[in-house]
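# An overview of the molecular structure
One-letter residues, chain by chain:
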Amino acid sequence: MKVSIKLLILLFSAVTLNTANAQSKKQISELSDLCKVWGTLKYFHPEIASGNHDWDSVLVASLDRILDSNKKITFQKELDKMFQIAGKNDAPLFIIDKSAHPYTYRNINHSWVNKSKNLTESQKNILKYNYSHPNQGGNYYAQNNPDDDGNIITPNEKPYSKMKMPNRNYRLLGLFRFWNVINYYYPYKYATEKNWDKVLINLIPEFINANDTISYHKAVLKMAASIDDGHGGIYPFLYQSVAGKYSPLFFFRLVDNKAVITKILDQEKAKKANVQQGSVIEKIDGTSLTSRIKKLWDYVPASNVGGKYKGLHRLILNSKKPSSIYSGYNPDGSTFNSKIVLSERNFLKEYLEFFEMKSPITSKKITNDIAYVYAANITSKNMDSIILPLMDTKAIILDLRNYPSSMPSYKIANYFLKEPTTYGKETMINFNYPGLLYYRDLNSQYPSARTVGKKNPNPYSGKLILLVDYRTQSLPEFDCLILNLQQYNYYWNSNCRC
């Protein structure tokens, strides 16, 4: 489904390497609070939210002094400096309307302030005042996207594009930016698997100790995956640092933590390696796929287990070497332990074919009463010729285990609904209070797209069965949302854990 917020994850580079020792729990706790104080002032205090200060440089300077000291007084003095730079907060009192639907304020949680053992009482009071007197309206750092209403853009964040590998302080700056923008502007923060405060605690040492490119890329990938969203990720892709850039010359499917070959791309090399369609791979270079899955799991952004396994396909059999040893067994029971020559391939270009998301079938009648339709082959030009002959059937199976980019999502409902119908709500950011949301009808700003369906005295009266699995992601999810309005609608999940 369409995610209501687009996050620009700013990756930094750096010129210097700064070796950091393992940090104590006390210091990690202080850095966590520093991140939250810095982010609170950035988004709540009018002086900082207006972009009147180089807020990055304030943080970077504080990090040096805090990390070089092991005294709480140093940490507290650095916070006092931040409060002093911000100055007086003249914003009016803002009271969250608790009579509104709880979903509008479920992401707001400032309980960390009272729980903190690092802050003075005076500092806690300043933070609480800022939470009740937020900067309202425009924010220099987080703005509404005029081209995609409801999604934020961060046009004024410095990219530090000349840095090639970030030093310790700039790595933490990147983490703190990310954590705070998610904390205040990501509608689905409440749905992340791990407590968002604990995510920060876990990631701080990863970023401090990421003293080389590979470990830094791994930390960034974990950071991006922490939002548990299949639309999340790092662009350009950094997975080569984790799994390598070389891939085998065959397609496969993960089943029970093994890779089953589904298509051979180079028959000659496959024959030499003694593998074929249906061969099962259990190990790569002596490491079981079960172990590799555990190792790679935290780098894959996904909202559920099926999505995780889907994402693992681009990594699990890759290697950092141009050849690797693959071990397993063939359909006839014979085993193999073969050195296979690998190649650099473009996974995105092969995506549809790899996951078998193409079909020569557009529609067919399975019986006189039951029809099957492959959604990705429907277009605005052929839609009538496909659907109308099926209107007298008792059931239509619509296969959405693909990416139906040519199927007109808004018009497909015309066959199934009696009248125009609103089909969903979208989550919107309330820029008057970071973390506060509101809801409106989907596409309410576009009258022609606000509803689906039309006046139809004779809509389809049979059962509409939507066939879905782990490949039903993004656009086909949106199609499910629209078609879910049909009165006799059913879902059939064929397999979500491949």
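For the structure itself, look to the data block above.
Residues numbered from 1 in each chain as written. Predicted model: local features only at pLDDT ≥ 70, side-chain atom pairs only at ≥ 80, totals over all residues. Heavy atoms only, no water.

### Some words on the overall build of the protein
A count of helical and extended segments in the protein gives 17 helices and 19 strands. Viewed in the frame of its principal axes, the protein has a C-alpha envelope of about 75 × 65 × 35 Å. Looking at the protein as a whole, 52% of its 498 residues qualify as buried. Considering only contacts within the protein whose residues lie at least 6 apart along the sequence, 73% involve residues at least 24 apart. Here the protein holds 64 positive side-chain charges and 43 negative ones, and the gap between their average locations is 3 Å. (Helix = DSSP H or I, 4+ residues; strand = E, 2+ residues; numbered from the N terminus. Buried < 20%, exposed > 50% of the residue type's maximum accessible area, 1.4 Å probe, protein only. Contact = heavy atoms within 4.5 Å. Lys, Arg positive; Asp, Glu negative; His and termini not counted. Charge placed at Lys NZ, Arg CZ, Asp CG, Glu CD.)

### Points about the pattern of salt bridges
Going through the model one piece at a time under the given rule, you end up with 24 salt bridges. Three or more residues joined by partner-sharing salt bridges are found here, namely Lys42, Asp56, Glu157 and Arg177. (Salt bridge = Lys/Arg side-chain N within 4 Å of Asp/Glu carboxyl O.)

### What to know about the nonpolar core
Ranked by internal contacts, the top residues of the largest apolar core, which has 109 residues, are Leu34 and Phe176. Filtering out sequence-adjacent residues up to four positions away, Phe176 remains in contact with Leu31, Leu34, Cys35, Trp38, Leu59, Leu63, Leu200 and Ile204. Counting 21 residues, the second largest nonpolar core, distinct from the first, contains Ile378, Leu398, Met407 and Tyr460. (Core = buried A, V, L, I, M, F, W, Y, C linked by side-chain atoms within 4.5 Å.)

### Quick notes on the pairing of strand E8 (residues 323-329)
Burial within E8 is extensive, with five of its seven residues counted as buried. As paired strands, strand E6 (residues 280-284) and E8 are joined by four bridges and run antiparallel to one another. Paired with Ile281 across the strands is Gly328, a residue of E8. Here E8 pairs with strand E9 (residues 335-341) via seven bridges, running antiparallel. Looking at the pairing, Tyr326 lines up with Ser338 of E9. Count of turn residues in the E8/E9 antiparallel hairpin: five residues, of which Gly333 carries a positive phi of about 95°. (Pairing = 2+ DSSP bridges.)

### Overview of the packing of aromatic side chains
All told, the structure shown has 28 aromatic pairs when counted by the stated rule. Each ring, one from Trp297 and one from Tyr309, has its centre 5.4 Å from the other, and the planes form 75°; the classification is edge-to-face. Taken as a pair, Trp297 in the loop between helix H12 (289-296) and helix H13 (305-312) and Tyr309 in helix H13 lie far apart in primary sequence, twelve residues in all. Classification of Trp297 as partly exposed rests on a relative accessible area of 24%. Three or more aromatic residues joined by ring pairs make a cluster, and in this case those are Tyr43, Phe44, Phe94, Tyr131, Tyr184, Tyr185, Phe431 and Tyr433. The aromatic ring of Tyr105 is capped on one face by Lys98, whose charged end is 5.1 Å from the ring centroid. (Phe/Tyr/Trp six-rings, centres within 6.5 Å; stacked < 30°, edge-to-face > 60°. Lys NZ or Arg CZ within 6 Å of the ring centre and 35° of its normal.)

### Examining the pairing of strand E5 (residues 258-264)
In this structure, strand E4 (residues 250-255) lies alongside E5, joined through six bridges in antiparallel fashion. Bridging across to E5, Val255 finds its partner in Lys258. Linking E4 to E5, which pair antiparallel, is a turn of two residues; within it Asp256 sits at a positive phi near 50°. Here E5 pairs with E6 via two bridges, running antiparallel. Note that in E6 the partner of Val260 across the bridge is Val280.

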